[in-house]
Amino acid sequence: PIFWASFNNAPRRIHNGGWARQVTQADFAISESISGVNMRLTRGGIRELHWHLAAEWAYVSRGACRITTIDQFGRANVEDVREGGLWYFPSGLPHSLQGIGEDGCEFIICFDDGKATEFNTLLVTDWLAHTPPEDLALNFGVPVDTLSKIPLHDLYIFQGEMPGPLAAEQQQAAGEAGQPPLRSTFQLNEVAPLSKTRSGFVQVADSSNFKASKTIASALNTIHPGGMRAMHWHPNADEWQYFIAGQGQMTVFNTGPQAVTQNFNPGDIGYVKRAFGHYILNTGDTDLVYLEVFNSVYFSEVSLSDWLIHTPRAMVAQTMNVDRAIIDRFPDGRPAIVPV
Ligand code: MN
Ligand code: MN
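None of the values given here were measured: they were computed from a predicted structure.

A.B. asks: How should the sheet that holds strand S1 (residues 4-6) be read in this particular structure?
C.D. replies: Note on sheets: strands pair through backbone hydrogen bonds, and any given pair is parallel or antiparallel. One open sheet accounts for seven strands, arranged S1-S21-S18-S23-S16-S15-S14; its pairing is antiparallel. At either end of the open sheet lies a strand with only one pairing partner, and these are S1 and strand S14 (195-197). Looking at each pair of strands side by side, their axes are set apart by 20° on average, direction ignored. Strand direction decides the pairing type here: S1 and strand S21 (residues 268-272), joined by three bridges, are antiparallel. Within the sheet, the bridge partner assigned to Ser6 lies in S21 and is Asp268.

A.B. asks: Sorry if this is basic, but what is going on with the coordination of the manganese ion (ligand 1) here?
C.D. replies: Four donors placed tetrahedrally around a metal ideally meet at 109.5 degrees, and six donors placed octahedrally ideally meet at 90 or 180 degrees. Around the manganese ion (ligand 1), the protein contributes the donor atoms His50 (NE2), His52 (NE2), Glu56 (OE) and His95 (NE2), at 2.0 to 2.2 Å from the metal centre. Motif for the manganese ion (ligand 1), donor spacing along one chain: H-x1-H-x3-E-x38-H. Placement of the pair is His52 in the loop between strand S5 (45-51) and strand S6 (56-70) and His95 in strand S9 (residues 95-99), with a sequence separation of 43 residues. Across the pair, His95 and His52 agree in class, each one buried.

A.B. asks: Sorry, what's going on with the pattern of salt bridges here?
C.D. replies: Under the criterion given, the structure shown has 15 salt bridges. Linking Asp80 and Arg66 is a salt bridge whose minimum nitrogen-to-oxygen distance equals 2.7 Å. Placement of the pair is Asp80 in strand S7 (residues 76-82) and Arg66 in strand S6, with a sequence separation of 14 residues. A relative accessible area of 30% places Asp80 in the partly exposed class. With a shortest N-O distance of 2.6 Å, Arg82 and Glu190 are connected by a salt bridge. Within this pair, whereas Arg82 is found in strand S7, its partner Glu190 is found in the loop between strand S13 (185-187) and S14, the two being separated by 108 residues in sequence. Classification of Arg82 by relative accessible area gives partly exposed; the value is 45%. One salt-bridge network, in which partners are shared between bridges, spans Arg40, Arg62, Asp103 and Glu106.

A.B. asks: Looking at this structure, how should I read the coordination of the manganese ion (ligand 2)?
C.D. replies: Note on the manganese ion (ligand 2): its protein donors are His232 (NE2), His234 (NE2), Glu239 (OE) and His278 (NE2). The metal-donor distances range over 2.0 to 2.2 Å. Taken in chain order, the donor set of the manganese ion (ligand 2) reads H-x1-H-x4-E-x38-H. In this pair, His232 is assigned in strand S17 (residues 228-233) and His278 in strand S22 (residues 277-282), connecting sequence segments 46 residues apart. Residue His232 is classed as buried on the basis of its relative accessible area of 3%. Overall, the relative accessible area of 3% leaves His278 in the buried class.

A.B. asks: Explain the pairing of strand S18 (residues 239-245) to me, please; I cannot follow it from the model alone.
C.D. replies: Regular strands have side chains that alternate between both faces of the sheet. A large share of S18 lies buried, amounting to five of its seven residues. Relative to S21, S18 runs antiparallel, the two being bridged by four bridges. Counted as the bridge partner of Tyr242 is Ile269 from S21. Where S18 and strand S23 (residues 288-294) come together, six bridges link them in antiparallel fashion. Within the sheet, the bridge partner assigned to Phe243 lies in S23 and is Tyr290.

Thresholds applied
Residues numbered from 1 in each chain as written. Chains lettered and ligands numbered in written order. Predicted model: local features only at pLDDT ≥ 70, side-chain atom pairs only at ≥ 80, totals over all residues. Heavy atoms only, no water. Pairing = 2+ DSSP bridges. Helix = DSSP H or I, 4+ residues; strand = E, 2+ residues; numbered from the N terminus. Axes fitted to C-alpha atoms, helices over the stretch in contact; angles between N-to-C directions. Donors = N, O, S within 2.8 Å, 3.2 Å for Na, K, Ca; no water. Buried < 20%, exposed > 50% of the residue type's maximum accessible area, 1.4 Å probe, protein only. Salt bridge = Lys/Arg side-chain N within 4 Å of Asp/Glu carboxyl O.

In structure tokens form, the structure reads like this:
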């Protein structure tokens, strides 16, 4: 199956305040476990209060975003996320987003369900507009005429005013229930690399360090020119990829035997089924930066080189028809990016 797609040829839903475009399983058949959204909010632009069945994980690729959410115990969060940061909202919990950077923000959302669509979420304005005014007044304990100007159509994305200072907004949102025990945000691009060589590094966020992120694990890969994400596979989950910067070329290996090679550019999406072998070359002259996202509670990877160096030499030497001394030179220590 085709394992390349791109946000660059997905239609934008454009509003005053920002835009959104998506690639779900409807357009990209292979992407069973993750659907992707690319959204841009202006400074002050609001993605309105809403909720949905799928859990939502996001990576801020530009600018900064203020998020609000609340859990089933009434514990509310207001947090700011800047470039290279993540947020995670569990299935069914309500939230909102607002661009607060100098030029707003842009981000990539992953839902933990390939069929989930950003254009079919439960919107607070839709519910209010489709509830009789008397019932709304009864629900909120206010006179019915105070609600006479509510929007009759959903807002989805709209231009808002810039929010107040974070501490003041946190104080307004906080109740006796306090804050949720787990933060909804995590700075992925500042975490200590899982693997670092002279050719690049890999930074991982899963439930071991980003504790709120119970259904999504991710890795931010930076591959310098001439480098290669070494041959490997993931035993636990399909891999959804988003290419942020640079030029790459991925080869995927499956039974058959089948092997397919494909180029990737910024804005492109890749998808590798669970346990399929793959590697990625940096084919440009700048850093190749891309995200790996997994519908899983943890990040897990098997390295081809590591496997062969930790198998008895005679077995590997006979299989590859090489001298044992050659195998001694394979990189040890599970380097994710080669040459070491
Ligand atoms: Mn959402
Ligand atoms: Mn991989």
